[in-house]
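# Understanding the architecture of this molecule
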Amino acid sequence: MSSTACILCGFVTFLVNTQPVHLLPEIITIGGLFDKGDIKQEVAFRYAVDRVNHEKILGTRTKLRTIIEKIPPFDSFLASKRVCNLVRSGVAAIFGPQSGQTSSHVQSICDALEIPHIETRWDYRLRRDDYSVNLYPHPSSLSKAYLDLVRLFQWKSFCILYEDNEGLVRLQELLKTPSPNEFRVSIRQLPRGDDYRSLLSEVKATLEQNIILDCKTEKVADVLRQAQQIGMMSSFHNYIISSLDLHLVNLDDFKYGGSNITAVRLIDPEREEVRDVMLDWESGRALHAHKHLDKDLINKLRNISFWTTETALMYDAVKLFVMAIQALDNSTDVQMTSLVCEGEDAWVHGNSLINYMKLVKLNGLTGNIEFDALGFRTDFCLDIIELGMYNLTKNAHVVQSIQVGTWSKKTGANYTRTYQDTYRKIVDGLQNKTLVVSFAFNDPYIMKKAGWEDLQGNDRFEGFCVDLLTEIASILKFNYSLVPVPQNLYGSRDRVTGEWNGMIKELLEQRADMAITDLTINFEREQAVDFTMPFMNLGISILYKKPQKTAPSLFSFLSPLSLEVWMYMITAYVGVAFLLYILARFTPYEWQNPHPCNPEPDTLENQFTLLNCLWFAIGSLMQQGCDFLPQAVSTRMVAGMWWFFTLIMISSYTANLAAFLTVERMESPIESAEDLAKQTRIKYGSLASGSTTAFFRDSNLDTYKRMWAFMESTTPSVFVSSNANGVKKVQEENGHYAYLMESTSIEYVVERHCDLTQIGGLLDTKSYGIALPPGSPYTSAISSAILSLQETSTIQLLKRKWWKERKGAGKCNTSKDESGSSSMASELNLNNVGGVFVVLLSGMGLALVVAIGEFALECWDISKEDEVPLAAVLSKELKFVFKCKGSSKPVRKKDSEIDTGDNNLYSTETYGYGAKNPLT
Ligand code: GLU
């Protein structure tokens, strides 16, 4: 508001609060123009005037007098005549009428004669005459309120059901749709008559869940009842009712349906002023004061809900007039004047009075009343109300709805309800409600009970999910009715048509409130429906025939060690034998006297010939020993290391051989999904319309893509209609079919079918959840219940009950042991025994160093003793070693001892370093 206006407001308040300086006339006449048959407006007008007079608001002297004229709603000529009658009586203001056609005539006469005209009717014109104010908020403001509500609820689409063109004007802001992507709007006109079912059915067929209903207040209950009859008042339907008088409609029948019904109102029955007026009204005192009304009418008015927005506005209009006339009285001496329509004269106070009206600020039954310069109401506030089961007031008409927020032009829609309030409302709404639960059969989630044909309702079914649902229902106190889904389909989307089938379709088409079974949460489904928190985690795996026991092969004694280890062992054997041979030639200590009785032999012998070395090594490997043994440190080191090696290898071999011989080998042609993908002999498939099929179809991994291509192209089809059929197929095809199944289900199956087993690990990880229609209010409540069941371990206990304790569980324990031990007997590979080879190699290396040491020491001794250069000795000795020929060596003698005869085997060429060898 401008600062000038504020100053004027203050001025008005000052005038109102100070004692009147001038005296008002004893009688102030005001005229009321009412449409014929609109008794309520007239009564409200009279009642307001009565209260003013009764409470002596204009002082003890001054009274308001009413002159009432009734006019037919569409007769402008008669309306003009009646207005002229009124002005002739010297009225200070004219109230009404309600009908649009006559109202403009009245307004122009009032404008000409400068008599304030006060209206309380729905009027969409954007301009008003100067002498008129309207207490009814302008439709454009209301329309903005509805747009803000739609935005607050984040509706992506809605359907407007309107009765007449006025409705479209009321909702114009929604139809202008600021951004076309914000929401999708469809518009339907309610048919004439009182049967809306066919129209509602059409709307239902479009699966639209959000409805804006614009019709007369009296029709609202009818439309909603018919919507209820065709199933459009479920928990996933939301309504905004444009009537400002929803609090007068008896919505008791719809409280338990779960639909969200929202409206806005101007009158808050909880406010002090409103309660005061209503109580006064209900006491009947006011009505009995109207002697002119007949008794029946009095009773009728007392019985029906009298205080509509329009009657409250009429009451406020009189109040507004009274405040303005008081303000006028404070500034001037007010005189009433009789005027004629045809004359030139106008009422002198009219202009001031209408200006005071536009400046006055008052708190009426319809909240804050203020006007802009054009006479339109500004700064009013609307309550946002929601239908629910509330018990907040004693008034029977307001028990059903509660204020959940406010709307004003400045601040927009303000939701004052907290999350807890909303949650409590949802949980309260769930109580005693019966939810339709769609499900697909799958053991042990939901199964038919034995003798189910003789049972009724939910009693026919049992299983993990039935128990889980019972637990959730007992927490949230709702009832449920289990309905099997046609064809036992879980739900998959047709790639071409985009249509869903199975349980997902049931939810989308609002035939079910919930879907439960081993229903996997995946991206595609999550886009279409809502899921609760998961109640079980799992992954895809392979169900296959248990590997067959194979007869031991002829050469099974080779199995304990891998081929690789065998090869390494042979290499080690040859290597050690050769090293021993070389080292024995190197080291001087392996050259020994072949005839111990002869202390001075001519030759020395080395027992480690190449063949002897091979014999020695094999003798040790076979744990048998040998008739000759090494003497030198280096050769003993080689022997020691080799014995150590053979000890470990033989022990390992013996131990593993025992395992191999005592168990029968179980051999499976496939060990993983990769194995499956690599071959075509074994067919594999999954549940049609299940999430496993969708997983392979949508996967980008090469292996899974290949598997999907194979599955899709295989004829006859590898897809099955239920898990039970998949299990049967695996059993019947005896190793020629593998079923891709979810791990939790496999766990259940292998517990009961001992010929089946899970192959490999999990191909993915995912969870099962309960699905609800998109936007279902119950999702968070059910999620909370699942979480609490998880925290109390109830879900784990239920799982144990249905997997391990019920119906044929634990049958396969023994065979499991067998297969378990078979997996223990596996050949030893290099990873198992590699360390022994390392130890052997290091030992050989060390022995080589020692042998070189021994050899060098010996050469050093010779060079010293014979006084020949060390290099010459080394070269001679090495030559002999690497000649690798002969296992005897002449004994070395000093030059003095060298015999030149034939018997002297020690030639200087070979061994003597000081004298020439006589043999050469
Ligand atoms: N749990 C799956 C689903 O929700 C059904 C079984 C499967 O596809 O393996 O679709």
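The structure we're discussing is the one just above.
Residues numbered from 1 in each chain as written. Predicted model: local features only at pLDDT ≥ 70, side-chain atom pairs only at ≥ 80, totals over all residues. Heavy atoms only, no water.

## Quick notes on the packing of aromatic side chains
For the coordinates displayed, the defined rule picks out 45 aromatic pairs. Where phenylalanine 439 meets phenylalanine 441, the ring centres are 5.0 Å apart and the plane angle is 90 degrees; that geometry is what we call edge-to-face. By relative accessible area, phenylalanine 439 is classed as buried at 0%. A residue is classified by how much of its surface remains accessible, and phenylalanine 441, at 23% relative accessible area, is partly exposed. (Phe/Tyr/Trp six-rings, centres within 6.5 Å; stacked < 30°, edge-to-face > 60°. Buried < 20%, exposed > 50% of the residue type's maximum accessible area, 1.4 Å probe, protein only.)

## Observations regarding a nonpolar patch on the surface
Taken together, the side chains of Leu554, Phe555, Phe557 and Leu558 make up a nonpolar region of the molecular surface, amounting to roughly 430 Å² of accessible area. Structurally, the position occupied by phenylalanine 555 is in the loop between strand 25 (548-550) and helix 19 (563-586). (Patch = residues over 30% accessible without salt bridge, like charges linked within 9 Å, V, L, I, M, F, W, Y side chains within 5 Å. Areas by Shrake-Rupley, 256 points an atom, 1.4 Å probe, with all protein chains shown as cover. Salt bridge = Lys/Arg side-chain N within 4 Å of Asp/Glu carboxyl O. Helix = DSSP H or I, 4+ residues; strand = E, 2+ residues; numbered from the N terminus.)

## Structural notes on the sheet that holds strand 26 (residues 591-592)
Strand pairing in a sheet takes place through backbone hydrogen bonds and is either antiparallel or parallel in direction. Judged by pairing direction, the sheet is antiparallel, and its three strands sit side by side in the order 26-27-34 without closing on themselves. At either margin of the open sheet sits one strand with a lone partner, and together these are strand 26 and strand 34 (888-890). Pairing geometry for strand 26 and strand 27 (residues 603-606), over two bridges, is antiparallel. Directly across from glutamine 592, in strand 27, lies its bridge partner glutamate 605. (Pairing = 2+ DSSP bridges.)

## What to know about the site of the ligand
Close to the ligand lie Tyr490, Asp518, Leu519, Thr520, Arg525, Leu687, Gly690, Ser691, Thr692, Glu742 and Tyr768, which account for all nearby residues. Here aspartate 518 contributes a backbone N or O atom positioned 2.6 Å from a nitrogen atom of the ligand. At a separation of 2.6 Å, a nitrogen atom of the ligand approaches a polar side-chain atom of glutamate 742. Its residues assigned to classes, the shell around the ligand shows four nonpolar, four polar and three charged. (Near = heavy atom within 4 Å. Polar contact = N/O pair within 3.5 Å; in protein donor to acceptor, adjacent residues only side chain to side chain. Nonpolar A, V, L, I, M, F, W, Y, C, P; charged D, E, K, R; others polar.)

## Side note on the nonpolar core
Membership of the largest hydrophobic core comes to 95 residues, with the highest contact counts inside it found for Leu64, Ile94, Phe95, Trp307 and Phe321. The element contributing the most residues to this core is helix 13 (residues 309-331), with 13 residues. Not counting the four nearest positions on each side in its chain, phenylalanine 321 is found in contact with Ile28, Ile30, Leu64, Ala92, Ala93, Phe95, Ile118, Leu353 and Met357. Counting residues in hydrophobic clusters, the runner-up holds 46 residues, among them Leu543, Ile682, Phe710 and Leu756. (Core = buried A, V, L, I, M, F, W, Y, C linked by side-chain atoms within 4.5 Å. Contact = heavy atoms within 4.5 Å.)

## What to know about helix 15 (residues 419-430)
The end-to-end C-alpha distance of helix 15, which contains twelve residues, comes to 16 Å, matching closely the 16 Å that a straight helix rising 1.5 Å per residue would cover. Residues of helix 15 that are buried: Lys425, Ile426, Val427 and Leu430. Those residues of helix 15 hidden inside the fold are in contact with strand 10 (260-265), strand 14 (381-387), strand 17 (434-439), helix 16 (464-476) and helix 27 (779-791). Asparagine 432 sits one or two residues past helix 15 and shows a positive phi near 65 degrees. (Expected span 1.5 Å × (residues − 1).)

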